[in-house]
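Observations on chain architecture
Each chain is listed here by its residues.
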Amino acid sequence: MRTAVPETPEAFTVPEVMTALRLSRSKVYDLIRSRQLASFTIGRARRVSPDSVRAFMQERIEENAA
């Protein structure tokens, strides 16, 4: 039986967030630590939802437009 794999992931890994935002690993962890980028853990794995990445980008856009 085959299961459908979603086209977009439900949660990004830190390296995927790094690629999406074109930031370094330490900067992504700084954003997570300062709660500017929401994340969650499953065991030792850190994950970031695509909605969190979009919200972060929208906040930066609105911040720079003001």
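Coordinates for the structure precede this section.
Because the structure is predicted, anything quoted here is derived from the model rather than measured.

One side chain can pair with another of opposite charge once the charged atoms of both are near each other. If you walk through the whole model with that rule in mind, you get three salt bridges. Two residues, Asp30 and Arg33, come together in a salt bridge whose shortest N-O distance is 2.7 Å. You can see Asp30 and its partner Arg33 sitting in helix α2 (residues 25–33), three residues apart, about one turn around the helix. A salt bridge links Arg60 to Glu63; the shortest N-O distance between them is 3.7 Å. Of this pair, Arg60 and Glu63 both sit in helix α3 (residues 50–65), separated by three residues, roughly a single helical turn. By relative accessible area, Arg60 is classed as partly exposed at 22%.

So, on to the nonpolar core. In this structure, Phe12, Val14, Val17, Leu21, Val28, Leu31, Ile32, Leu37, Val48, Val53 and Phe56 together form the largest nonpolar core, which totals 11 residues. Discounting chain neighbours no more than four positions away, the residues touching Leu37 are Val17, Val28, Leu31, Ile32, Val48, Ser52, Val53 and Phe56.

Glancing now at the packing of helix α1 (residues 14–21) against α2. Contact pair α1 / α2: the axes reach a minimum separation of 9 Å and the direction vectors enclose 105 degrees. In terms of axis orientation, α1 runs roughly perpendicular to α2. Along its contact with α1, which presents Val14, Val17 and Met18, the element α2 presents Arg25, Val28, Tyr29 and Ile32. Considered class by class, the residues forming the contact of α1 with α2 number six nonpolar, no polar and one charged.

With that settled, the discussion passes to the side chain of Ser52. Counting through the fold element by element, Ser52 comes out in helix α3. According to the relative accessible area criterion, Ser52 is buried, its value standing at 14%. Polar contacts involving the side chain of Ser52 include one to the main-chain carbonyl oxygen of Ala38, which spans 3.5 Å. For Ser52, the side chain forms a polar contact with the side chain of Ser49, separated by 2.9 Å. Among residues more than four places away in sequence, those in contact with Ser52 are Leu37 and Ala38.

So, about unusual backbone geometry. In the Ramachandran plot, Arg22 falls in the positive-phi region, its phi being about 55 degrees despite a non-glycine side chain. Position of Arg22 among the secondary structure elements: in the loop between α1 and α2. You will see that Arg35, though not glycine, has its phi angle at about 65 degrees, which is positive. Given a relative accessible area of 78%, Arg35 falls into the exposed group.

Quick notes on the rules
Residues numbered from 1 in each chain as written. Predicted model: local features only at pLDDT ≥ 70, side-chain atom pairs only at ≥ 80, totals over all residues. Heavy atoms only, no water. Salt bridge = Lys/Arg side-chain N within 4 Å of Asp/Glu carboxyl O. Helix = DSSP H or I, 4+ residues; strand = E, 2+ residues; numbered from the N terminus. Buried < 20%, exposed > 50% of the residue type's maximum accessible area, 1.4 Å probe, protein only. Core = buried A, V, L, I, M, F, W, Y, C linked by side-chain atoms within 4.5 Å. Contact = heavy atoms within 4.5 Å. Axes fitted to C-alpha atoms, helices over the stretch in contact; angles between N-to-C directions. Parallel < 35°, antiparallel > 145°, perpendicular 65-115°, else oblique. Nonpolar A, V, L, I, M, F, W, Y, C, P; charged D, E, K, R; others polar. Polar contact = N/O pair within 3.5 Å; in protein donor to acceptor, adjacent residues only side chain to side chain.

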